[in-house]
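Chain by chain, the residues run as shown.
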Amino acid sequence: MMPRWIWLAPLLALLSACGTLTRSGGYFEDDGPESHPPADVANIPDAVPKTEPRSATGNNPYAVYGVTYSPLTDSRGYRERGVASWYGKKFHSKRTSSGEPYDMYAMTAAHKTLPLPSYARVRNLENGRSVVVRINDRGPFLHNRLIDLSYAAAARLGILGTGTGMVEVEAVSPDEPATQMAQVKTYPLQVVAPAMAAEELPSAPPAPTVPKLYLQVGAFTQWNNAVSLRNRLEREALRPISIQPPQAAQGNGPDAGRVYRVRVGPLTNIEEGDRLTERAAQLGVPDARIVVE
């Protein structure tokens, strides 16, 4: 049986050609939850990082839709923000890129470049929930998603209904302390007696800072190139568009020095980012990507 990302390719190609995502509840029509999922799926504990040998498959460079991906040999220090999605019953028990069967009720995830297997902490930037997952599959390859979560992991993070969420993904290693399952506390509305001091009241944890969402359409070391792209896309009504303050590029290669990033936004939501990604591709920018700050 072929890995998920190979036999899924014809479906993704068809959807891409149509330029429209046919979805129901944030997932493809023929995917989603099973008819009777476990009632306690949100209580499934984190994956526990442990030292494991690399899988025999899924760790070599590979290409999907003309893009070549080179998996990392070491996940230490990896941290990135982006958009998470999830996959469910359509792939349940199917073979993953690591050769293992996919279990939608296990704390696992698919990632383009993290080693197979490895572990990562995924934090929902909109509600503060987090979960540790085991990376054992490749993907996602549609609409610049960063990570594809199992059904169980998506339930824990609170993104089952929306289908997507803004997250931060950070690699974790077996020598880190075991993480505790995130607890979300709610407090009922109460009538407080005048004699009750304010400091005696239970206090909810502070709400997480709302992340900002952008569509990055280009990154240049030359200011004139950034201005040229900004002006061209602005004429095509791709706005608000701006050039971010220059940042230093890492390394000593030809791209070292200041980098000017051309971005559209901030955006209202992920769906707007998807729509503008398709529009940018029509305007000759096929590699636009959603970024979260």
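The notes below deal with the structure included here. Residue numbers here run from 1 along each chain, matching the order of that chain's written sequence. Under the rules for a predicted model, residues below a pLDDT of 70 receive no local features and side-chain atom pairs below 80 are neither given nor counted, while totals for whole chains, interfaces and linings still include all residues. By convention in this description, side-chain values take in all heavy atoms of the structure and omit both hydrogens and water.

For the bond from G139 to P140, the omega torsion is -10°, close enough to zero to count as cis. As for its placement among the helices and strands, P140 is situated in the loop between β8 (130-137) and β9 (147-149). Between G265 and P266 the backbone carries a cis peptide bond, its omega angle lying at 10°. Put simply, DSSP marks the helices as runs of H or I at least four residues long and the strands as runs of E at least two long, and each gets a number from the N terminus on. Topologically, P266 is positioned in the loop between β14 (257-264) and α5 (270-282).

Our next topic: the nonpolar core. As a rule of thumb, soluble globular proteins bury nonpolar side chains together. Only buried residues count toward a nonpolar core, which is a set of Ala, Val, Leu, Ile, Met, Phe, Trp, Tyr and Cys residues joined through side-chain atoms within 4.5 Å. A simple rule labels every residue: compare its accessible area, found with a 1.4 Å probe on the protein chains alone, to the largest value its type can have, and call it buried under 20%, exposed over 50%, or partly exposed in between. Core analysis: the largest hydrophobic core is formed by 36 residues, its most contacted members being V122, V131, V133, I135, I147, L149 and V169. Elements with a contribution of two residues or more to this core: β5 (79-86), β6 (108-111), β7 (118-124), β8, β9, α3 (151-157) and β10 (164-172). Contacts: residue pairs with any heavy atoms within 4.5 Å of one another. Leave out the neighbours within four places in its chain, and V133 touches A47, M107, T108, A109, S118, Y119, A120, V122 and A153.

Quick look at α5 now. To estimate how far a helix should reach, multiply one less than its number of residues by 1.5 Å. Spanning 13 residues, α5 covers 19 Å between terminal C-alpha atoms, matching the ideal 18 Å at 1.5 Å per step. The set of residues buried in α5 consists of I270, G273, D274, L276, T277 and A280. A 3.5 Å cut-off defines polar contacts: any pair of N or O atoms within that distance qualifies, except that in protein one atom must be a possible hydrogen donor and the other a possible acceptor, and neighbouring residues in sequence count only when both atoms are side-chain atoms. Between the side-chain oxygen of the N-cap and the backbone nitrogen of E271 there are 3.3 Å, and the N-cap of α5 in question is N269. Taken from the residues just after α5, G284 is the one with a positive phi, measuring 90°.

Below, the discussion takes up the side chain of N124. Mapped onto the secondary structure, N124 falls in strand β7. What makes N124 buried here is its relative accessible area of 2%. Here N127 takes part through its side chain, which lies 3.4 Å from a polar atom of the side chain of N124. Of note is the side chain of N124, whose polar atom sits 2.8 Å from the backbone oxygen of L157. Among all residues touching N124, those that are not within four sequence positions of it are R129, L157, I159, M166 and V167.

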